[in-house]
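Geometric and topological summary
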Amino acid sequence: MAHAAAAQEARWEFTVSPYVWTPGGSSAIETGFGTLEADASISDVLSATDFALMTVIEARQGRWGLIADFVYADLTERKDTPFGVQFSQAKVETQLRIASGYAAYRLHEDAQVAVDLLGGFRAVSADLNVTLAPGTLPGQSFALDKSWVDPVAGGRVRIALNERWSATAIADFGGSGGSERTWQAIATLNYRINDRWSAHGGWRHLSIDKDMGGRDVEIDLGGPLLGLTARF
C-alpha cells in the first residue's frame, strides 16, 4: 500500500487551457509632438474583430509544477484630434506575442485552498504601427518593434467553492530585464464539467512599460476571457 501511494504521489499531471481574450486597450507613446494616448474599448475590439488568444499548459508532480503561458494579441487603438488640431486622428496598431514560463511551488494545499509561489520569465515581441492623419500638419507614420525577456515573480490562489465551482486568482510582477515594468493579474470562476473537462470565465489585465526605439511606450490590456481546461 505504501509503494502504491508513493507511485501515485510521483505521477505527473498535465492540464491544457486554451482561452479567447477580448481586451480593451490603451497605449501611451512618446512622439516628437508629445505623448500620444490612444485607446480601444472592449466594444471597439469586438466590432473590429481584434482579439487575443491565450493558452496555458501546466505539468505538476507533487509540490512542484511547470507552467507555460502563451498570448497573441492584435489590437487597434484610435484617438481623435491628437495634439490639438495638428492631426485629425491617430491610430496605433499593436501586435504582441508573449511567452511566459514559471516554476511553481505549492506552499499550502487543503480541501478548500491551494497556494502556489511562481517564479520565471516573460518574453515579449511587440510590433507597433503609429499613423497620424493630416490636420494642420501633414500626416505622419512610424513603426516600432522590439523583443525582450523580463524576470517575473508572483503567486496563485485557488479556492474551492463547492464540488463543482472554484475561483482562481493569479498575479505577477517583473521588469529590469527589458521592461521598466511589467505586471499582470487574472481572476477566473471555474466550473468542473467532469473529471477531465472544466470551463472558465473571468478577467485578465496585462501592463507593459518599455523603451522602444528611444520612445517610452506603455501598453495596458484588460478584458474578459473564456476558455476550457483539459486534464490528463
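Since the model is a prediction, treat every value here as computed from it, not as a measurement.

Observations concerning the overall build of the protein chain
- A count of helices and strands for the protein chain gives two helices and twelve strands.
- For the protein chain, the α and β elements follow one another from N to C terminus as α-β-β-β-α-β-β-β-β-β-β-β-β-β.
- Each of the three principal axes of the protein chain carries a C-alpha extent, and together these read 80 × 35 × 20 Å.
- In the protein chain, buried positions account for 38% of the 232 residues.
- For the protein chain, the share of sequence-separated contacts (at least 6 apart) that also reach a separation of at least 24 residues comes to 61%.
- For the protein chain, the accessible area works out to roughly 11800 Å², and carbon and sulfur atoms hold 60% of it.

A short note on unusual backbone geometry
- Of note, the phi angle at Thr81 is positive, near 40°, even though the residue is not glycine.
- By the element assignment, Thr81 lies in the loop between strand E5 (64–80) and strand E6 (87–109).
- You can call Thr81 partly exposed: its relative accessible area is 45%.
- Here Phe83, not a glycine, exhibits a phi torsion of approximately 55°, which is positive.
- With respect to the helices, strands and loops of the structure, Phe83 is situated in the loop between E5 and E6.
- On the basis of relative accessible area, Phe83 is assigned to the buried category, the value being 17%.

Description of the packing of aromatic side chains
- Throughout the structure, instances matching the rule amount to six aromatic pairs.
- Taking the centre distance of 6.4 Å and the plane angle of 25° together, the rings of Trp12 and Phe14 count as stacked.
- Residue class for Phe14 comes out partly exposed when judged on its relative accessible area of 39%.
- One aromatic cluster is present, formed by Phe33, Phe83 and Phe87 through successive ring pairs.
- Across the ring face of Trp148, the terminal group of Lys210 is positioned such that the distance to the ring centre comes to 5.0 Å.

What about the pairing of strand E8 (residues 140–160)?
- Where strand E7 (residues 113–134) and E8 come together, 20 bridges link them in antiparallel fashion. When the bridges of E8 are listed, Val124 appears paired with Trp148.
- In textbook terms, the turn of a hairpin is the stretch between consecutive antiparallel strands, and for E7 and E8 this stretch comprises five residues.
- Bridge count between E8 and strand E9 (residues 165–174): nine bridges; the pairing is antiparallel. The residue of E9 that forms the bridge with Arg158 is Thr168.
- Taking the residues between adjacent antiparallel strands as the criterion, E8 and E9 are bridged by four residues.

Here is what the cut-offs are and how they apply
- Residues numbered from 1 in each chain as written.
- Predicted model: local features only at pLDDT ≥ 70, side-chain atom pairs only at ≥ 80, totals over all residues.
- Heavy atoms only, no water.
- Helix = DSSP H or I, 4+ residues; strand = E, 2+ residues; numbered from the N terminus.
- Buried < 20%, exposed > 50% of the residue type's maximum accessible area, 1.4 Å probe, protein only.
- Contact = heavy atoms within 4.5 Å.
- Areas by Shrake-Rupley, 256 points an atom, 1.4 Å probe, with all protein chains shown as cover.
- Phe/Tyr/Trp six-rings, centres within 6.5 Å; stacked < 30°, edge-to-face > 60°.
- Lys NZ or Arg CZ within 6 Å of the ring centre and 35° of its normal.
- Pairing = 2+ DSSP bridges.

Keep in mind these values describe shape, not function.
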